[in-house]
Amino acid sequence: MIKTLLMATTIGFMGSLTAHAEGVLQLYNWGDYTSPELLAKFEAETGIKVTVTDYSSNDEALAKIEAGGHGFDLVVPSNSFIPIFVEKGLIQELDLSRLPNHANIEPRWMDVVWDKGRTHSVPWQWGSTGVGVNTAVYKGDINTSSIFLDPPPELAGKVNVTPEMMDAISMATLYVGGTLCTEDTEVLKKVRDVLTAAKPKWMSMDYGMEDKLATNDVSASMYWNGAIMRARLKNPDVKFGYPKEGYVLFMDNVALLSDAKNVDEAYLFMDFIMKPENAAMLSAFARYGNGITGSDAFMPDDMKTAPEVAIPEEFVALGQFIPTCSPKAAEYNTAIWTELMK
Ligand code: N2P
């Protein structure tokens, strides 16, 4: 505490970083995704206090930002949502000269389809959407989306699906043999039917699953790899399955909101998380990859071999990023989802 105060005072006297007069930053991010140690380190180094507000889905974040009056500076949308935020004018182009650590972005995460040249967002973390299963409850094959789309008797009524529309629709699309963002109405009917038939076997559509899976309050979920690793560390029966029908990869990216008030602080934060040791802190907490060159040296050892993180060779080719759908395909998806949520 004393150290923080001293640092804030020192920076204040330096006078060069005027924005530190306020020293606050409003981060709007997915719940349970932001390392508290990283925030403490950032505050100690810069005097800037970060307030984190949680969301549970891309659609929730988009709706809140679009409604306005939110007061947030930074948001962390998934890959396919970045072009939507740009198109709607909700996030602003980055001044790359204010981000010296931008050069640390791994080449494979630089010219990504959702943000060529990384002019509007910087990597946060990336991973896979698959299934988490309590293998003490269900002993069969877990590398299949039937875990939640046609649950076996052992799991029926004990399955959760996260409220992330594009993940659920995309996994269902791959399951019925379609291509992502399809406009083919025959395929879309199959997607609707498989989801509609499965829903009565779902117990919940909640976001926070790590503890519930570890305690077996929920026995399976469509879920993300890092959180399943965290659940597995609490209960070794919990395992992550990579659906053989195909599964979804994601990267969540930090973007500067068009109406951000704490812009200087936001730049400092974006630059901070692209330092290898800081990117590794994010990963060590949430257990996802980060996309920053040199962070491997600082990663926890248990992540290097974790089956949830190091995708087993046989499943690598089955994962794909969700593209940004055409307006028509997006309309179909929303219609299916709205009907399903009734
Ligand atoms: C984990 C959040 C993962 C977000 N809590 C998936 N896009």
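Structure report, in brief.

Cut-offs applied
Residues numbered from 1 in each chain as written. Predicted model: local features only at pLDDT ≥ 70, side-chain atom pairs only at ≥ 80, totals over all residues. Heavy atoms only, no water. Near = heavy atom within 4 Å. Polar contact = N/O pair within 3.5 Å; in protein donor to acceptor, adjacent residues only side chain to side chain. Nonpolar A, V, L, I, M, F, W, Y, C, P; charged D, E, K, R; others polar. Helix = DSSP H or I, 4+ residues; strand = E, 2+ residues; numbered from the N terminus. Buried < 20%, exposed > 50% of the residue type's maximum accessible area, 1.4 Å probe, protein only. Salt bridge = Lys/Arg side-chain N within 4 Å of Asp/Glu carboxyl O.

### Points about the site of the ligand
For step 1, the next point in the chain: Around the ligand sit W30, G31, Y33, S78, Y207, W224, F250, D252 and Y288, and that is every residue in its neighbourhood.
For step 2, the next point in the chain: The side chain of D252 places a nitrogen or oxygen atom 3.0 Å from a nitrogen atom of the ligand.
For step 3, the next point in the chain: The class makeup of the residues in the shell around the ligand is six nonpolar, two polar and one charged.

### What to know about unusual backbone geometry
A negative phi angle characterises most non-glycine residues, just as the trans form characterises most peptide bonds.
For step 1, the next point in the chain: Phi at C181 is positive, roughly 65°, even though this residue is not glycine.
For step 2, the next point in the chain: Along the chain, C181 falls in the loop between α6 (165-175) and α7 (185-198).
For step 3, the next point in the chain: Phi angles above zero are rare outside glycine, and R287 is one such case at about 75°.
For step 4, the next point in the chain: In this fold, R287 is placed in the loop between α11 (276-286) and α12 (301-304).
For step 5, the next point in the chain: On the basis of relative accessibility, which here comes to 12%, the residue R287 falls in the buried class.

### Examining the pattern of salt bridges
For step 1, the next point in the chain: This structure, assessed with the given rule, holds 13 salt bridges.
For step 2, the next point in the chain: Two residues, D32 and R230, come together in a salt bridge whose shortest N-O distance is 3.0 Å. In this pair, D32 is assigned in the loop between β1 (24-30) and α2 (36-46) and R230 in helix α9 (residues 225-234), connecting sequence segments 198 residues apart.
For step 3, the next point in the chain: Looking at D32, the relative accessible area reads 45%, which means it is partly exposed.
For step 4, the next point in the chain: For the salt bridge of K189 with E186, the shortest nitrogen-to-oxygen distance reads 3.6 Å. Highlighted residues: K189 and E186, both in helix α7, separated by three residues, approximately one helical turn.
For step 5, the next point in the chain: The exposure class of E186 is partly exposed, given its relative accessible area of 48%.
For step 6, the next point in the chain: Counted as one network, the salt bridges with shared partners bring together D32, E210, D211, R230 and K234.

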